[in-house]
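# Summary of the model geometry
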Amino acid sequence: MREWTREERYRVLHSADEIIDLHDKIVSSDYRQKFHVQPITGLSSDPNGFGYHNGIWHLYYQWCPWGAVHGLKYWYHATSTDLIHWTNAGVGLWPDTVYDNRGTHSGSAFSKGDDLYLFYTGNHRDEDWTRTPYTCAAKLGEDGKPVKLPKPLFGPRPDYSEHQRDPKIVYVPSKDKYFIFIGAQNLDLKGRALIYESDSLLEGWKFAGELKVPGFEDFGGMWECPCIVNISGKDVLIFSPQYTKLPGRAESTNHNIYLIGKMDYDTLTFTPEGDYRFLDFGFDFYAAQFAANVSDPDKAILIGWIGLPDNHYPTEEEDWEGSMSVVRELRLGDGQLIASPVEGFEQLRDKELPADGTLPAFGEFLLKAGAGDMDLNLFTKADGTGGLKIHYDDAAKTLTVDKRGMEKRFNQNVGEVLEVPLDRALSDIRVLIDRCSVEMFINGGEATFTAHVYPTKDEHNYTVTEGACVTIYSLKPSVKDDFVF
Ligand code: FRU
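Described below are features of the structure shown in this document. (Residues numbered from 1 in each chain as written. Predicted model: local features only at pLDDT ≥ 70, side-chain atom pairs only at ≥ 80, totals over all residues. Heavy atoms only, no water.)

## Some remarks on the side chain of E416
- Residue placement: E416 occurs in the loop between β27 (398-405) and β28 (417-421).
- At a separation of 2.8 Å, a polar atom in the side chain of E416 contacts the side chain of R409.
- Contact partners of E416, with chain neighbours within four places excluded, come to F283, V401, D402, K403, R404 and R409. (Helix = DSSP H or I, 4+ residues; strand = E, 2+ residues; numbered from the N terminus. Polar contact = N/O pair within 3.5 Å; in protein donor to acceptor, adjacent residues only side chain to side chain. Contact = heavy atoms within 4.5 Å.)

Here it is, written out as C-alpha cells:
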C-alpha cells in the first residue's frame, strides 16, 4: 500500500493536464467496470446530488483525483436519461472557497422549476487542522456548472462534535417547508441526525432540533448520510452508522441500514415500525442516497457506494478504486423493502450464453434454486476450486457468502464471510457481475448482497448444485470510460 503525505492527498487540482495521464493509465485495467459509474481517476466514494431535473438524471460522486486515497474531495458529475447508461459530465463541484478549503463533502440535490440546486458539506480546516463543517448550497448555471452561494446556509452547532455533515434536503408538502437532515455525532460520541428547516431553498434556514428515533439513542458513533423518502405512504429512513459493530456484520464498523416508520415533522420524531434492517448484506455497500424528484409515489430510487470507509481494495495498486452500485428501485414489501435493478435494466442483456460452467467478465447470472441446501461457487478456477462460495442452508434459512477462496484477498481483518438470514426458503438469486463487483438480488430482492471481487484471469468459472437452474446473459456496456474534465 502506498503511503501518502497530507500534501499529496490534499493537492489542489488546477487543470485536466494534471490527471489525464492517470486516466490513460487506468482505462486499460481488467477491473474497469462496464455498467457501473466509476472514478474517472483516483477514488470514488459516496454518491451525491442524485436527482431528476428537466428530463435528465444527475449523479455526482465524492472524488479524490490523485489516487486510491481519501484526500481532497471534489464532486464528479455523470448524467443519464434512463439511470442505466451514464455519461461523464466533468468535475461537478470543487473546493475553492474558505468554507470548503479541505473538500466539498457529501450532499444532495433538489430540482425546482428550471433550477437544480446542490446542497453540500463545506469541509473547512484551519492551519492546525481543526475542522469546521459548513452546510453550503449552489445552483447549476446554464453551462451545467454550479454557482456557489457566497455564504454557507449554516455552520456547525457547538453542542455537537465536529462530525456534522451530509445535508439531505426534502420538501414536506403538508408543512409547505423544506427540511435538511444532517448526519451528526453528539458530545457523548453517539450518532445522531440534526434537522434544519426553512420556507425557502437558499435562505432562512434555522435549527429545528435533533431527530428523535426511539430505541436508537445508542446506535453507532456517527450517522453518516441520513436520507429519508416516502414509499407508498410509509417513511423510510436510511443512514450509515459507523464506529460500531453490528450483529451479522463480522468485524466491520461501517454499515448502511434502513427503518420503515412514520416521520412527524412537528415533534421531529421518526417512529420505526420494527427493527432496523440492512440496506444490503454485502461486504461493500455504504452511504446510499435516494434520488430527489422521483414522481412515482410507490417507489424510491437508490444508489450506493460499493466500498467502505477505512477499507482497502486491490486496485489501489493501479492508483484507483471505488464504484457506484447499479441504480436500484425500492418498493415496500411486507415490513421490508424489496429491491431490484432499475426498471429497464434488462435492455442491457446482449446474448443468452450457454450455462456451461463459464462466466462472462460482465453479465447477469440468474439462478432458480431447487429444494433443500444449495452451493453456488462463482469465479472458481476451471477445475472447480476456489471462488466466491455461496452456500444456502435450508434448515437455518441462511445464505453464507465466503470470499476466502478468491485469489485476491483484501480487508481480511474486516471479515471475509457474511451470512444473510432469509425470511423464507431460497427461491432465486439474480447476480449482476461487473469486472470488479457482484450485486446479488436474493428471493426477488428481499435481500441484496454487494461486494467487490477481483477475479484473476483463471477465475471465470462456476459450479452449482444439481437441481438449480441457471441462465446467463452477457450484457452490453452502459458506461463509457472517457475523460471529461
Ligand atoms: C461517508 C463520508 C461522508 C462525508 C464524505 C467525505 O463516506 O465520510 O460523511 O461527507 O464521506 O468524503
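## As for the packing of aromatic side chains
- One pass over the full model with this rule turns up 30 aromatic pairs.
- Considering the side-chain rings of Y276 and F278, the 5.7 Å spacing of their centres and the 70° angle between planes classify their relative orientation as edge-to-face.
- Judged by its relative accessible area of 17%, Y276 is buried.
- With 6.0 Å between their ring centres and 80° between their planes, Y286 and W305 make a pair best called edge-to-face. With Y286 in strand β18 (residues 286-290) and W305 in strand β19 (residues 300-305), this pair connects stretches of sequence that are 19 residues apart.
- Note on W305: relative accessible area 3%, which makes it buried. (Phe/Tyr/Trp six-rings, centres within 6.5 Å; stacked < 30°, edge-to-face > 60°. Buried < 20%, exposed > 50% of the residue type's maximum accessible area, 1.4 Å probe, protein only.)

## Let's talk about the pairing of strand β29 (residues 428-434)
- Counting buried positions along β29 yields seven of seven residues, so the element is predominantly enclosed.
- Burial along β29 is two-sided: D428, R430, L432 and D434 facing one way and I429, V431 and I433 facing the other are all buried.
- Of the strand pairs in this sheet, strand β24 (residues 363-368) and β29 are connected by six bridges, and their pairing is antiparallel. Bridging from a neighbouring strand, E364 pairs with L432 of β29.
- Strand direction decides the pairing type here: β29 and strand β30 (residues 437-442), joined by six bridges, are antiparallel. Across the sheet, the residue bridging to I429 is I442, located in β30.
- The turn joining β29 and β30, which pair antiparallel and follow one another in sequence, is formed by two residues. (Pairing = 2+ DSSP bridges.)

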